[in-house]
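Breakdown of the fold
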Amino acid sequence: MRTLRFALSILVVIILLFLGCQHAAIAYRLRRDGLDPILLPPMAGDHPSESVSIAIKHARETNSTTTSTAGSTTGDCDIAGELISLHWQKSTADISFHSQAFFANESQSPNQTGRGFYVDPLLAIDKFRLDLTERHSKGCLSAVEAERLRRAIVENLPLPPAIAYFLQLGSFAVTGSIDLTPDFRLQVTDPIYPPGTETSVANLLGYETANYIFIREGRENRMRLRLASASEVPIHGESFEKQTPRNELAFSMSPGYFRLLFMAEEGTPNRITRAVLLSALDENKLSQAVPRRGMSAYEFCTTVSTTNVSCTVFPKNFGVSPELRILVNRKEVFLGVGGMVQEALNLENSEGPPATLKILRPFHGRLIPIKFDRTSGDILKLVLLPGDQLTF
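This write-up is about the structure you can find in this document. (Residues numbered from 1 in each chain as written. Predicted model: local features only at pLDDT ≥ 70, side-chain atom pairs only at ≥ 80, totals over all residues. Heavy atoms only, no water.)

**Side note on the overall build of the protein**
This is how it is decided: Under the scheme used here, helices are H or I runs from DSSP no shorter than 4 residues and strands are E runs no shorter than 2 residues, and both carry numbers assigned from the N terminus. Classification of residues uses two cut-offs on accessible area relative to the type maximum, computed with a 1.4 Å probe and protein chains only: under 20% is buried, over 50% is exposed, and between them is partly exposed. Residue contacts are counted whenever heavy atoms from the two residues lie within 4.5 Å of one another. The Shrake-Rupley method, run with a 1.4 Å probe, gives the accessible areas here. Residue values count only the displayed protein chains as cover.
Counting secondary structure elements, the protein contains nine helices and 18 strands. Classification of the 392 residues of the protein by burial places 45% in the buried group. Here the contacts in the protein between residues at least 6 apart in sequence split such that 61% fall between residues at least 24 apart. By element, 54% of the accessible surface of the protein is carried by carbon and sulfur atoms, the whole surface being about 20400 Å².

Right, here's the structure in full:
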């Protein structure tokens, strides 16, 4: 009996050690695929150029094989795309990722990064995102499930870091718009002039900055916009915090979905770009509104306001910046669209990664490390995603 108990104890220890080693081995890997860095998910093969199929279980609540919650057939809920396709098997999302070149084939050194993108794959990514939103409006899945599905696809596909960002958050450079979620804050900076005076450099008193956040509310993933902080910097003085900005804008305070657009004003001397904030109770209405943008931001807002979309045009002397929230040494840091590790660490291009740098990224609901070559600068070009944490 003692011998049997001893043997069982040894077996349990071996199993625990084995499971512990498996747990420790789970990590993303940043490596080169030709001239370009690519992030490989755990258990991915070493040939990222090949087409990939993945099954994401429990991607939605419904288990129906014939209809969605809104009466759409299963086929209506599928998405057929040149780059990414989606086929539903009850609550499981079968994703097919078709091999495609993302970068222009330019001659350059193997140490260089940041080559130009082909536009077609970015348009295909944006179309998949739009199709997923449209399937949500049909009742194929909820807004929360659609957001989780995008994240799950990114977590399980071998992708260049910038492409992973575009797939999860949108290809801002192509569409000129970005969906604002609780992962972002909206920073608005504007000049201050004495009331009733001309807006000229001679009359400038200083600048104020207001930071707005998006707070999730309810099961439908809608949000409310809230002022998080405001500060003022006088021309001849020190910065100070305040409760409300001087130049308050009439944002929609109702819960909804938010999208930020940047629109070039045709016919203006310096081709001014105007920022426009949209919000709506139905996420699909935002997608339907964007193609309507016309010659003037105000004309655009007049048009979309008739379709239950709230539209706010920022004054042309306002600076508007969507910023992603990440953690660096357990403190919040905000980065502009497409922000990279080197920006989060405030490093110059010539500097290498800190010797103690560690990066954690969400995978299936928990944080796992990203393994990278410390002799290469590729990690500094890693485009960061919601939930990423850096320590050094």
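**Considering a nonpolar patch on the surface**
Where we set the bar: Patches here: salt-bridge-free residues with over 30% relative accessible area, like charges joined within 9 Å, nonpolar side chains (Val, Leu, Ile, Met, Phe, Trp, Tyr) joined within 5 Å. When a carboxyl oxygen of Asp or Glu is within 4 Å of a side-chain nitrogen of Lys or Arg, the pair counts as a salt bridge.
Together, Val119, Leu123 and Val174 make up an exposed nonpolar region whose accessible area comes to about 220 Å². Its location among the elements puts Leu123 in helix α3 (residues 119-138).

**Observations concerning the packing of α3 against helix α4 (residues 143-156)**
Counted only if it meets this: Each axis is a line fitted through C-alpha atoms, taken for helices only over the stretch in contact, and angles between the N-to-C directions span 0 to 180 degrees. Angle categories are assigned with fixed cut-offs, so that under 35 degrees is roughly parallel, over 145 is roughly antiparallel, 65 to 115 is roughly perpendicular, and the rest are oblique. Crossing handedness is defined as follows: a turn of the near helix away from the far one that is anticlockwise and smaller than a right angle gives a left-handed crossing, while the clockwise case is right-handed.
Where α3 contacts α4, the axes come no closer than 9 Å and their chain directions differ by 150°. Relative to α4, the element α3 lies roughly antiparallel. α3 and α4 meet at a crossing whose hand is right-handed. Listed contacts from α4 to Phe128, Arg129, Leu132 and His136 of α3 are Ala143, Ala146, Leu149, Arg150 and Ile153.

**Considerations on the sheet that holds strand β11 (residues 257-264)**
To keep things clear, this is the line we draw: Note on pairing: DSSP must find at least two bridges between two strands before they are called paired.
One open sheet holds the four strands; their spatial order is β6-β11-β12-β13, and the pairing between them is antiparallel. The open sheet has two free edges, formed respectively by β6 (177-180) and β13 (310-313), since each of these has just one partner strand. Between one strand and the next, the sheet's axes are offset by a mean angle of 20°, whatever the strand orientation. Note that β6 and β11 share four bridges and pair antiparallel. Across the sheet, residue Asp179 finds its bridge partner in β11, namely Arg259.

**Overview of the state of the cysteines**
Heads up, the condition is: Disulfides are defined in this document as cysteine sulfur pairs within 2.5 Å.
Applying the stated criterion to the full structure yields two disulfides. What pairs with Cys77 in a disulfide is Cys140, and their sulfur atoms sit 2.1 Å apart. One disulfide, between Cys77 and Cys140, carries an S-S torsion of -85° and so falls in the left-handed class. Of this pair, Cys77 sits in helix α2 (residues 74-77) while Cys140 sits in the loop between α3 and α4; the two residues are 63 residues apart in sequence, bridging distant segments of the chain. Judged on exposure class, the residue Cys77 and its partner Cys140 are both buried.

**Here's the deal with the pairing of strand β5 (residues 92-97)**
Bridging between strand β3 (residues 52-56) and β5 involves five bridges; their strand directions are antiparallel. Residue pairing for β5: Ser53 is matched across the bridge by Ser96. The pairing of strand β4 (residues 84-89) with β5 spans six bridges and is antiparallel. Across the sheet, the residue bridging to Leu86 is Ile95, located in β5. Between β4 and β5, which pair antiparallel in sequence order, lie two residues; one of them, Lys90, sits at a positive phi of approximately 55°.

**Describing the sheet that holds β4**
Strands sit in the order β3-β5-β4 across an open sheet of three strands; the sheet is antiparallel. In the strand order of this sheet, the two ends are held by β3 and β4, each with one partner. With strand direction ignored, the average angle separating the axes of adjacent strands in the sheet is 20°.

**Thoughts on the packing of α3 against helix α5 (residues 161-169)**
Which entries qualify depends on this criterion: Residues were grouped as follows: Ala, Val, Leu, Ile, Met, Phe, Trp, Tyr, Cys and Pro as nonpolar; Asp, Glu, Lys and Arg as charged; and all remaining residues, including Gly, as polar.
Running from N to C, α3 and α5 point in directions that differ by 30°, and their axes come no closer than 9 Å. Here α5 runs roughly parallel to α3, going by the angle between their axes. Crossing hand, α3 versus α5: right-handed. The residues of α5 that touch α3, namely those facing Leu122, Ile125, Phe128 and Arg129, are Ile163, Phe166, Leu167, Gln168 and Leu169. Looking at side-chain class alone, the contact of α3 with α5 contains seven nonpolar, one polar and one charged residues.

**Observations concerning the pairing of strand β9 (residues 222-234)**
Here strand β8 (residues 206-217) pairs with β9 via twelve bridges, running antiparallel. Considered in β9, the bridge of Phe214 is made with Leu225. Taken together, β8 and the strand that follows it, β9, pair antiparallel across an intervening segment of four residues, in which Gly218 is found at a positive phi of about 85°. Note that β9 and strand β10 (residues 240-242) share three bridges and pair antiparallel. Looking across to β10, one finds that Ser231 is bridged to Glu241. Once β9 ends, the chain turns through five residues before running back antiparallel as β10.

**Topic: α5**
The element α5 is extensively covered by neighbouring structure, given that nine of its nine residues are classed as buried. Of the positions making up α5, those classed as buried are Pro161, Ala162, Ile163, Ala164, Tyr165, Phe166, Leu167, Gln168 and Leu169. Following α5 by one or two positions, Gly170 adopts a phi angle in the positive range, close to 105°.

**A short note on the packing of aromatic side chains**
Two descriptors summarise a pair of aromatic rings, namely the distance from one centre to the other and the angle between the planes of the rings. Heads up, the rule is: What counts as a ring pair is set by centres within 6.5 Å for rings of Phe, Tyr and Trp (its six-membered ring), and what kind of pair is set by the plane angle: stacked under 30 degrees, edge-to-face over 60, tilted for all other angles.
Counted under the stated rule, the structure contains six aromatic pairs. Here the aromatic rings of Tyr212 and Phe251 are separated by 5.1 Å at their centres, their planes lie at 80°, and the arrangement is edge-to-face. With Tyr212 in strand β8 and Phe251 in the loop between β10 and β11, this residue pair connects regions lying 39 residues apart in the sequence. With relative accessibility at 8%, the residue Phe251 sits in the buried group. Note on Phe251 and Phe314: the rings are 5.7 Å apart at their centroids and 55° apart in plane angle, and the pair reads as tilted. One end of the pair, Phe251, is in the loop between β10 and β11; the other, Phe314, is in the loop between β13 and β14 (319-328), and 63 residues separate them in sequence. The two residues Phe251 and Phe314 agree in class, both being buried.

By themselves these figures say nothing about function.
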